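Below are the chains, spelled out letter by letter.
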Amino acid sequence: MTFDAKALIVEQVEGIRKSVAGKAIIACSGGVDSTTAAVLASHALDDRLLAVYVDTGLMRKDETEDVARTVKELKVNHRILRAADEFFAALRGVSDPEKKRTIIGNKFIELFEREAKTFDADSLVQGTIAPDWIESGGQLRDRIKTHHNVAGLPANMKLKLVEPLRDLYKDEVRTVARTLGVRVAERQPFPGPGLAVRIVGEVTPEKTVLVREASAIVEHEIEVAAKDKRVPLPWQYFAVLLPVQTVGVHGDLRVYGQTIAVRAVDSIDGMTATYSKIPHDVLDRISIRITNEVPGINRVVYDVSNKPPATIEWE
Amino acid sequence: MRVYVVDNGGQWTHREWRVLKYLGVDTKIVPNDSPVSDLKEVDGLVLSGGAPRVGIDPEKMGKNGEYLDAFRGPILGICAGHQFMATHLGGAAAPAKVPEFGKSVVKVHEPDVLFEGLPDRFEVWESHNDEVTKIPPGFTALASSPNCSVQAMRHRDRPLFGLQFHPEVEHTQFGPDIFRNFLKVCENST
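First, a word on scope: everything that follows refers to the structure included in this document.

Residue and element names in this part refer to chain A. The strand order across the open sheet formed by five strands is β3-β2-β1-β4-β5, and the pairing between neighbours is parallel. Of all strands in the sheet, those with a lone pairing partner are β3 (77–82) and β5 (160–162), marking the two edges. Strand-to-strand twist of the sheet, defined as the mean angle between neighbouring strand axes without regard to direction, takes the value 25°. Lying on the sheet, helix α2 (residues 32–45) is in contact with β1 (24–28), β2 (49–55) and β4 (123–125); it crosses β1 at an angle near 160°.

In structure tokens form, the structure reads like this:
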């Protein structure tokens, strides 16, 4: 017996219709989960839906333009909020990864509640999936990390929560996405807190630029290698900026520069994963490009950890 | 056929539900403080993995003891569920000398219905801080790994099974087959 995407689609469109008497807003990140949830919600609610995308300033290179396109393709009411300044201000001085996630979750809700008021919506639709609430813990279950769309929600949230994909894992969501013809069905997972959890330590606009550039290089080189069938396309592949400075030599001068960790894993549902066996020449290209092109980075390391004992993301 | 998953607060409890669902079984996740009377029409139970440190503090396992005492159908304990089965029935669990996280290799020493159709050696995924240090009276140890001597156990007569590793995750080889074998036991018991 396999997963029945068509049955889920019928069930959840009906479910959303039943749950939302008035209007709803949906939080869109441009990712598979929220886009799929948005399509389901648009089938159920049509005009009664407002899709909201927040540019947090923590997105990847050229991402906002791409997400804006995805959101417009939904053919529902939509708003694109530019809130980078608000997010960076809220994150100033914060190093603890859990605090970062909670701050970001709260900020999202603050913005969604603002939009919901204007649109007169009483419900918030989210593309929350099983690993999000599982890893956020509760009662007996330990909190592995605060997923912004679960534990980042304030206790006194006024909006009613509607989550049509709650019981699904990513591989099942992709099946639903493909059935619905969602363009981003194969996109790699990108965390809600974005690049904030790919910078170990305090998040600043300057560090965000560095990790964004490094990540673009990692993504490009791995995608080229995967297209050439040198390596299976990993489940996720990205760069992390470490709070570690080490000695290097540039043009006969000593440098004391920053470090990027390259992370690439293979997985089916994100609940267990193995580190990707990227060919050395691909790692070599990534390392050379990052240390040449991204100012201040003089060392690149490769993360060889499975999940468990590590998680896929570093924070 | 109805097989429920008792939620001991594991990261992969919901995966156990997913595997059973894919195998066509009527399944549900129930909190581990559900009254035993809720399980009257259930044909088999899975005691899920969990966060509680059974080797240190077995008190956090809700009504798992009552299920082991009163539920007459087959029971599969996974990780914390397996360790609790051991401590509750007269064996022991303690912090593992070498805990295992992620990949390990299990060697099956004793043939059993649970491993029917499987090779003697296969890759499994672990995530445990504690381990069974003494199997309960009436039980047989079935499999081990280099760092953990009781990776699988069963009661000689009653259909009670314990697995230290996690058959429910994608990275454990033959995971669904192990569940299928357990379901065969459940079928034969009704």
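Let us now look at unusual backbone geometry. Residues and elements named next belong to chain A. At the junction of K307 and P308, the peptide bond is cis and its omega measures out at -10° in the coordinates. Within the fold, P308 resides in the segment after β9 (297–302). In the segment running from P308 into P309, the intervening peptide bond is cis, with an omega of 15°. Checked against the element boundaries, P309 lands in the segment after β9. Even without being a glycine, D62 presents a positive backbone phi close to 60°. Topologically, D62 is positioned in the loop between β2 and α3 (63–73).

So, about the packing of helix α4 (residues 84–91) of chain A against helix α5 (residues 97–119) of chain A. All names here are of chain A. The geometry of α4 relative to α5 is characterised by a closest axis approach of 10 Å and an angle of 145° between their N-to-C directions. Along this stretch, α4 crosses α5, giving a crossing that reads as right-handed. Taken together, the residues of α5 that come into contact with α4 (itself represented by E86, F87, A90 and L91) are K100, I103, I104 and K107.

Moving on to the pairing of β1 of chain A. Residues and elements named next belong to chain A. Burial of β1 is extensive: five of the five residues sit out of reach of the surface. Side chains A24, I26 and C28 project from β1 onto one buried face, and the interleaved I25 and A27 project onto a second face that is buried too. Where β1 meets β2, five bridges bridge the pair, whose relative direction is parallel. The residue of β2 that forms the bridge with A27 is V52. In the sheet, β1 pairs with β4 via three bridges, with the strands oriented parallel. If you follow I26 over to β4, its bridge partner there is V125.

Once that is clear, we can look at the nonpolar core. All names here are of chain A. Within the largest apolar cluster, 83 residues are counted, with the highest numbers of intra-cluster contacts made by A24, I26, A41, A51, V52 and A214. Take this core: its biggest share by element is eight residues, from α2. Non-local contacts of A51, meaning those with residues more than four positions away in its chain, are made with I26, C28, A38, V71, L74, V76, N77 and H78.

Quick notes on the rules
- Residues numbered from 1 in each chain as written.
- Chains lettered and ligands numbered in written order.
- Predicted model: local features only at pLDDT ≥ 70, side-chain atom pairs only at ≥ 80, totals over all residues.
- Pairing = 2+ DSSP bridges.
- Helix = DSSP H or I, 4+ residues; strand = E, 2+ residues; numbered from the N terminus.
- Axes fitted to C-alpha atoms, helices over the stretch in contact; angles between N-to-C directions.
- Contact = placed C-beta atoms within 7 Å.
- Left-handed = near helix turned anticlockwise from the far one by under 90°.
- Buried ≥ 20, exposed ≤ 12 C-beta atoms within 10 Å, placed from the backbone.
- Core = buried A, V, L, I, M, F, W, Y, C linked by C-beta atoms within 7 Å.

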